[in-house]
Each structure stands twice: as structure tokens, then as C-alpha cells.
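Spelled out, the chains give:
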Amino acid sequence: MSIVVGLDGSDRSFRALRFALEEGKLRGVKVYAVHSLFGGDRTEMEEIERGEKILEEAKRIAEEYNVEFEARMLIRGKSPGEDIVEFAEEVNAIMIVLGMKRRSLMEEVILGKAAKYVVVKAKQPVVLVK
């Protein structure tokens, strides 16, 4: 059993990571932080390097929580939403955690494309962190 958190490098995704780490510690389960890139000619080397930096920062943050943790870069020819949903199934996740874009009260709350896909397709509960 595990918790999967999707990271895109934004502040909100790192808030989601901290939430997932707290939940992992509370529940005694492993936390996977994932960063997804499509791969092939749709991914530049700079995107891979940026992804590596995001995952290194995630590892640094996870050290503070004393919880089993693994960071993974997924480059499997899938969209981030597809990757997160499939990976969560592969690692028997009990929950998926994502950061959510905040909008003003006058605007509609809008999920990113990946988050929309995950919310609709995931079999696990999905927690959105503001």
C-alpha cells in the first residue's frame, strides 16, 4: 500500500507532497512522488533536467518526515494524468494527492488537464491540496 503524489515543480505541488508525507507517516505507508514527461520527440532535455531537480527537492523535503519515500520520473509515452493513474494502480496506492490551482472567488475553480483526468479516471480517492 502506498500514496502517490504528482509533482510539477509548483509551490502547490510541494504543498501536496508535504500533505502526502504527513498522510504516509500517519498511515504507515510508502509515499511515491512522481514527475511525468511524455518522452520521445515531445520532451526536451531541459524538461528532463528540470524534472530531476524537482525530484531532488522532493527527496530533500521527504527527509524531514521519517517516512518510506521514493521519487520517480515517469517517461512512458503517456500524458501526466494517464501516468499518475496507471502508476497508482501499479504500486497499489490507497490515495493520490495533487496540487490544485487557486483562483479568486470571482473565478471558477479550474483544475489542470492532468488533475481533471486523475479525478475522473482514478480508482483511488484523490485529494486536491490548495
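Calculation notes
- Residues numbered from 1 in each chain as written.
- Predicted model: local features only at pLDDT ≥ 70, side-chain atom pairs only at ≥ 80, totals over all residues.
- Heavy atoms only, no water.
- Buried < 20%, exposed > 50% of the residue type's maximum accessible area, 1.4 Å probe, protein only.
- Helix = DSSP H or I, 4+ residues; strand = E, 2+ residues; numbered from the N terminus.
- Pairing = 2+ DSSP bridges.

### With respect to the pairing of strand β2 (residues 30-37)
In the case of a regular strand, side chains alternate between the two sheet surfaces.
Here is step 1 of the chain: Most of β2 is tucked away, with eight of its eight residues classed as buried.
Here is step 2 of the chain: Side chains Lys30, Tyr32, Val34 and Ser36 of β2 all project onto a buried face; the interleaved residues Val31, Ala33, His35 and Leu37 project onto the opposite face, where all are buried too.
Here is step 3 of the chain: Pairing geometry for strand β1 (residues 2-6) and β2, over five bridges, is parallel. Bridge pairing links Val5 to Ala33 in β2.
Here is step 4 of the chain: Summarising the sheet, β2 and strand β3 (residues 69-75) pair through seven bridges and their orientation is parallel. Residue Leu37 lies in a different strand from β3, and its bridge partner there is Ile75.

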